Amino acid sequence: KNKQSKRLLAMVMALTFALSGVISTPTVASAAAKKTVTVKTQKQLDAALKDKKVTSIVIKTSKNVTLKIKDGDYSKKSLTVASPKATINNYGDFKKISVNDGKSFTDRGEGNNIVVKDTNSLKLTTGKQSSDTKITISGKGGKISIVNNGSVDAINVKGKSTVTVGGNAKESPTITNNATGAKIVAAQDANVVLN
């Protein structure tokens, strides 16, 4: 009887160990799945910004919405805008910002790297509070209007787009063209490099 109970106990322990491994696996998977979050509303956006597990936020909606990102250090998060009718007002500092499609994006953060992939029309404004901003235009065929009222260090044009740069900034940005066929209109003082 002792041998049978020991075998039974060993089987129960092995089964418990096996089941605990199976049960814990989905928990790990769901935590990994939560790293990228797609949001449509202000409430969803606020929740994603607060959640420390979220490393990538995608704003994706076809509705005409205005969303605000509060001032904060989001340097461990990347932000992607994929909403053709959306107006985004950003006060935060992100690891990276990609504007794939949008109507208007205003940045008032510090040290943001903004990559514009929009192939339509986009108004990109840097507010007076913004500083050390770098902008890369990589989309083709877009009409990108940059209103530089803050401190844009560099604008790098890598896609064949029409880029207009204006605004009331005190410092002149450096505009570098690396795209054949791109059209650049500088309506403010700027250092222009044509490659």
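Look up a bit, the structure's there.
Residues numbered from 1 in each chain as written. Predicted model: local features only at pLDDT ≥ 70, side-chain atom pairs only at ≥ 80, totals over all residues. Heavy atoms only, no water.

Topic: unusual backbone geometry
Piece 1. One non-glycine residue, Asp132, lies in the positive phi region at around 55 degrees.
Piece 2. Tracing the chain through its elements places Asp132 in the loop between β9 (121-126) and β10 (133-137). (Helix = DSSP H or I, 4+ residues; strand = E, 2+ residues; numbered from the N terminus.)

So, the pairing of strand β4 (residues 73-82)
Piece 1. In this structure, strand β2 (residues 56-59) lies alongside β4, joined through four bridges in parallel fashion. Within β4, the position partnered with Ile57 by the bridge is Leu79.
Piece 2. Pairing analysis gives seven bridges linking β4 to strand β6 (residues 93-101), with the strands arranged parallel. Residue Leu79 lies in a different strand from β6, and its bridge partner there is Ile97. (Pairing = 2+ DSSP bridges.)

Notes on the sheet that holds strand β16 (residues 191-194)
Piece 1. Pairing in this open sheet of nine strands is parallel, and the strands run β1-β2-β4-β6-β8-β10-β12-β14-β16 from one edge to the other. Both outer strands of the open sheet, β1 (36-39) and β16, are each paired with one neighbouring strand and no more. Pairwise comparison of adjacent strand axes, ignoring direction, gives a mean angle of 15 degrees for this sheet. (Axes fitted to C-alpha atoms, helices over the stretch in contact; angles between N-to-C directions.)

Topic: the packing of aromatic side chains
Piece 1. This structure, assessed with the given rule, holds one aromatic pair.
Piece 2. Directly above the ring of Tyr91 sits Lys68, whose terminal nitrogen or CZ lies 5.2 Å from the centroid. (Phe/Tyr/Trp six-rings, centres within 6.5 Å; stacked < 30°, edge-to-face > 60°. Lys NZ or Arg CZ within 6 Å of the ring centre and 35° of its normal.)

Quick notes on the pairing of strand β8 (residues 113-116)
Piece 1. The sheet contact formed by β6 and β8 spans three bridges and is parallel. If you follow Ser98 over to β8, its bridge partner there is Val115.

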